[in-house]
Amino acid sequence: MILDCAVIGGGPAGLNAALVLGRSRRKTILFDDNKPRNAVTSESHGFITRDGIHPQEFKRIAQGELSKYPNVRLERQRVHRINKENNLFQVETENAEVYSAKKIIIATGFKEILPDIPKAKEFYGQSLFGCPYCDGWELKRSAAGSDR
């Protein structure tokens with residue numbers, strides 16, 4: 001079977017892309033290896049109707065919504081390689097499975113590379129943060145008594 005689109009990445013962007021494609025009746029596969037960037041996060045913010053939700057709950061709800069669309073398939077594995085042959089992309093997984101797709105959406109985001117500082121990994125997501133938009137509101141009162 002030739003897919004219309006392969007979405008690489010099961011975070012909010014990839015889930016939303018798969019939803020829109022599913023609603024457009026496109027044969028879609030969503031790859032998610034379940035190794036999220038926000039694994040240390042207890043709340044996700046900035047998503048209307050879901051502000052403050054735990055990332056795994058967000059994902060559970062989104063995957064449930066995707067399950068209504070029979071043309072969207074979720075593969076819980078990592079993509080190992082993508083090659084373009086003629087007009088199709090050949091998507092090879094870590095399990096050596098190969099899928100053919102007309103289009104690819106890469107929605108993997110990025111991962112922080114923490115500095116080589118003792119205990120940085122231990123404190124990351126607890127008292128060491130990388131995103132003022134994600135964590136700034138909750139920490140606003142602890143910044144020198146500021147109220148803004």
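Notes on the structure in this doc start here. Every chain is numbered on its own, with residues counted from 1 as its sequence reads. With the structure being a predicted model, the display of local features is reserved for residues of pLDDT at least 70 and the display and counting of side-chain atom pairs for 80 or more, all residues being used for whole-chain, interface and lining totals. Side-chain measures were taken over the full set of non-hydrogen atoms in the model, leaving aside hydrogen atoms and water.

**Comments concerning the pattern of salt bridges**
Thinking step 1. One side-chain nitrogen of Lys or Arg within 4 Å of one carboxyl oxygen of Asp or Glu is enough to make a salt bridge. One pass over the structure, following the stated rule, counts six salt bridges.
Thinking step 2. We note a salt bridge from R60 to E57, for which the minimum N-O separation is 2.7 Å. Placement of both R60 and E57 in helix 2 (residues 55-66) is noted, with a separation of three residues, approximately one turn of the helix.
Thinking step 3. Relative accessibility under 20% of the residue-type maximum defines a buried residue, over 50% an exposed one, and the middle range a partly exposed one, all with a 1.4 Å probe and only protein chains included. The exposure class of E57 is partly exposed, given its relative accessible area of 32%.
Thinking step 4. The residue R73 makes a salt bridge to E75 at a minimum N-O spacing of 2.6 Å.
Thinking step 5. Of the residues examined, R73 reaches a relative accessible area of 43% and is grouped as partly exposed. Under the DSSP-based scheme used, a helix requires at least four consecutive residues in state H or I and a strand at least two consecutive residues in state E, with every element numbered from the N terminus.

**Brief notes about the nonpolar core**
Thinking step 1. Here the nonpolar core consists of buried residues drawn from Ala, Val, Leu, Ile, Met, Phe, Trp, Tyr and Cys, with membership extended through side-chain atoms lying within 4.5 Å. V7, L15, A18, L30, L66 and V72 are the most contacted members of the largest nonpolar core, which totals 13 residues.
Thinking step 2. Elements supplying a minimum of two residues to this core: strand 1 (2-8), helix 1 (12-23) and helix 2.
Thinking step 3. With four residues, the top contributor of residues to this core is helix 1.

Geometric descriptors of this kind do not, in isolation, establish any biological role.
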